[in-house]
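Report on the structure
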Amino acid sequence: MIRRLNVYEAVQERLKLIFDNFDYVYVSFSGGKDSGALLNLCVEYIRKNLPGRKLGVLHLDYEAQYSHTTEYVAKRLSEDSDILEVFHCCVPFKVATCTSMFQSYWRPWEDSKKDIWVREMPDGCYTADDFDFFDDGLWDYDFQRLFAKWMRKRKQCRRVCCLVGIRTQESFNRWRTIHSDKNYRHFGSLKWTHCIDSHIVNAYPLYDWKTSDIWTAHGRFNWSYNRLYDLYYQAGIPIGRQRVASPFISQALSTLAVYKAIDPDTWGRLISRVNGVNFAGLYGNTLAMGWKSIKCPDGFSWKEYMEFLLQTLPEETRNNYLDKLRVSIRFWRERGGCLSNNTISKLRELGIPIFIGSKSAYHTDKRPVRMEYLDDIDIQEFREIPTYKRMCICILKNDHSCKYMGFALTKREREIKDMITKKYKPIQNGEI
């Protein structure tokens, strides 16, 4: 009988595959437990197997973060200096925020906001001036993608790999990142590697680790870690909700209020730095932000309530939601969403008019169902059905991209994306 590898043994084999096949390898390090574990694993692997080899570390500094995270990152990046090549980036790219009805993004380290920066820019960091590809239209995820091209050109090497510490246990989106058939994988069928460009690969060697594996490794190998997690634990925050990423994204709003208790000095600066932070801190885990079950006000239908909420928003924000809604309504009328036979049966039992297609263009056993938007529906598959109640929840959560609805990009967003892709294509192709 062949013994099955445990997760630690498996990651050692994955790291060997990566370091044997790439000229330059760097770790995307946020200061969290997962990227911290991956960084420690790589350092230990190099010391044991590849003495003299360098390891790159990319740290995107989002300016607004717990002081414990800042201290941990500075301490960890100063260690193992004989191995680590640190790229500490303080760049004013666009970062999504769900704290405000008025803005869908904010910019860390924005020059015009220097007088209200949450903290001083660290010495020796990389700024926008260091990157010839930087543009005001770049989001943080665009920057990470183009950074890999910049790194390959800088190192004048053929093959570059970025190691990312995401785990499928964390969310469905992360599970899909690994398992989706749409991904172009490196090394044939290895689902934990994705080709993102010519000779550039993202690898996720910790994808099958559990939270318990991460903390077991920290304890067994006596790795340093962000002490913010100790404070989270003392504050009663469940392990699954302990985040050190941007505090303004939707997943972090429910714990935003603990800032004032854990790090009051930083909290005071956050209030004046990003619109809506104080309100989100007070109400991010309540009905006011749409996180719990919400009720339609008396005398309103959900559609009427949605229209009322839209009228309270600035014109640009209102039009953003309306554009996405129009795209979604047209999609469900003309193409239809893919639903299981069980869900289709429930819709029929409720007498809801639907039109069922024979097969879908997507790789799925589900069937395409065309239908009109409903006001609300009380079935377990609520989040699969187009309803005005779900749209209301998006508005209340300041979910500008409507991720809760599963919305795709609008025509305008696709045009912006295509424009950015066209603009930076020469860089991607190595022409400049």
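Whatever comes next refers back to the structure up there.
Attention now goes to the layout of surface pockets. In this structure, the second largest pocket occupies an estimated 260 Å³ of space. Together, 13 residues line the second largest pocket, and Leu 5, Ala 10, Arg 14, Tyr 207 and Asp 208 are the ones closest to its centre. Its residues assigned to classes, the lining of the second largest pocket shows six nonpolar, two polar and five charged.

Let us now look at the packing of helix H12 (residues 315–334) against helix H14 (residues 388–396). The geometry of H12 relative to H14 is characterised by a closest axis approach of 12 Å and an angle of 155 degrees between their N-to-C directions. In terms of axis orientation, H12 runs roughly antiparallel to H14. Considering how the two elements wind past one another, H12 and H14 form a crossing that is right-handed. The segment H12 lies against H14, with Tyr 321, Leu 325 and Ile 329 engaging Tyr 388, Met 391, Cys 394 and Ile 395. Partitioned by chemical class, the residues of the contact of H12 with H14 number seven nonpolar, no polar and no charged.

Further remarks concern the nonpolar core. The biggest cluster of nonpolar side chains holds 67 residues, and the ones touching the most others in it are Tyr 26, Leu 55, Cys 89, Phe 131, Phe 143, Phe 147 and Leu 163. If one sorts the elements of this core by residue count, helix H2 (residues 33–49) sits on top with eight residues. Formed by 34 residues, the second largest nonpolar core is a distinct cluster that contains Ile 294, Leu 374, Phe 382 and Cys 394.

Attention shifts here to helix H3 (residues 67–78). If you check H3, its first and last C-alpha atoms are 17 Å apart, about what 12 residues at 1.5 Å a residue would give, namely 16 Å. Taken together, the buried positions of H3 are Thr 69, Tyr 72, Val 73, Arg 76 and Leu 77. End-on, the buried residues of H3 take up no more than an arc of 115 degrees, which puts them together on one face. In H3, the exposed positions that point more than 90 degrees away from the buried face belong to Glu 71 and Ser 78. Where H3 is buried, its residues meet H2, strand E2 (55–60), strand E3 (84–89) and helix H7 (228–234). Taken from the residues just after H3, Asp 80 is the one with a positive phi, measuring 50 degrees.

Turning next to the pattern of salt bridges. Applying the stated criterion across every chain, the model contains 17 salt bridges. For Asp 208, the salt bridge identified is with Arg 14, shortest N-O distance 2.9 Å. Taken together, the positions of Asp 208 in the loop between strand E8 (200–203) and helix H6 (211–221) and Arg 14 in helix H1 (residues 7–21) put the pair 194 residues apart, joining distant regions of the chain. With relative accessibility at 10%, the residue Arg 14 sits in the buried group. As a salt-bridge pair, Asp 82 and Arg 47 come within 2.9 Å of each other at their nearest N and O atoms. Taken as a pair, Asp 82 in the loop between H3 and E3 and Arg 47 in helix H2 lie far apart in primary sequence, 35 residues in all. On the accessibility criterion, Asp 82 (46% relative accessible area) is partly exposed. Relative accessible area serves as the criterion here: at 43%, Arg 47 is assigned to the partly exposed category. Because the salt bridges share partners, they merge into one network encompassing Arg 47, Lys 75, Arg 76, Glu 79, Asp 80 and Asp 82.

Moving on: H1. In this model, H1 (15 residues) spans 21 Å end to end at C-alpha, consistent with the 21 Å of a helix rising 1.5 Å per residue. When we look at burial in H1, the residues that qualify are Ala 10, Val 11, Arg 14, Leu 15, Ile 18 and Phe 19. In an axial view of H1, the angular spread of the buried residues amounts to 160 degrees, which keeps them on one side of the axis. Where the residues of H1 are buried, they touch strand E1 (24–28), H2, E2, strand E6 (160–164) and E8. A side-chain oxygen of the first residue of H1 lies 3.1 Å from the backbone nitrogen of Tyr 8; this N-cap is Asn 6.

Here we come to the side chain of Glu 381. With respect to the secondary-structure elements, Glu 381 resides in the loop between strand E11 (367–370) and H14. Residue Glu 381 is classed as buried on the basis of its relative accessible area, which comes to 12%. Within polar-contact distance, the side chain of Glu 381 engages the side chain of Lys 346 at 3.1 Å.

Turning to unusual backbone geometry, a few remarks are in order. With a phi close to 50 degrees, Asp 80 is a non-glycine residue in the positive phi region. Here the phi dihedral of Asn 222 falls at roughly 55 degrees; this positive angle occurs in a residue that is not glycine. Mapping Asn 222 onto the fold places it in the loop between H6 and H7. A relative accessible area of 69% places Asn 222 in the exposed class.

To continue, consider the sheet that holds strand E10 (residues 355–356). Read from one edge to the other, the open sheet built from three strands follows the order E9-E11-E10, with strand pairing classed as antiparallel. In this open sheet, the two strands that pair with only one neighbour each are strand E9 (337–339) and E10. Pairing geometry for E9 and E11, over three bridges, is antiparallel. If you follow Gly 337 over to E11, its bridge partner there is Val 369. Packed onto the sheet, H12 meets E9 and E11 and runs at close to 115 degrees relative to E11. Its contacts with the sheet put helix H13 (residues 341–349) on E9, E10 and E11, and the angle it makes with E9 is roughly 100 degrees.

Cut-offs applied
- Residues numbered from 1 in each chain as written.
- Predicted model: local features only at pLDDT ≥ 70, side-chain atom pairs only at ≥ 80, totals over all residues.
- Heavy atoms only, no water.
- 1 Å grid on protein atoms, 1.4 Å probe; cavity = no way out; pocket = protein on both sides within 12 Å on 5 of 7 lines; lining within 4 Å.
- Points joined across faces, edges and corners; volume = space filled by probe spheres on them.
- Nonpolar A, V, L, I, M, F, W, Y, C, P; charged D, E, K, R; others polar.
- Axes fitted to C-alpha atoms, helices over the stretch in contact; angles between N-to-C directions.
- Helix = DSSP H or I, 4+ residues; strand = E, 2+ residues; numbered from the N terminus.
- Parallel < 35°, antiparallel > 145°, perpendicular 65-115°, else oblique.
- Left-handed = near helix turned anticlockwise from the far one by under 90°.
- Contact = heavy atoms within 4.5 Å.
- Core = buried A, V, L, I, M, F, W, Y, C linked by side-chain atoms within 4.5 Å.
- Buried < 20%, exposed > 50% of the residue type's maximum accessible area, 1.4 Å probe, protein only.
- Expected span 1.5 Å × (residues − 1).
- Arc of directions from axis to C-beta.
- Salt bridge = Lys/Arg side-chain N within 4 Å of Asp/Glu carboxyl O.
- Polar contact = N/O pair within 3.5 Å; in protein donor to acceptor, adjacent residues only side chain to side chain.
- Pairing = 2+ DSSP bridges.

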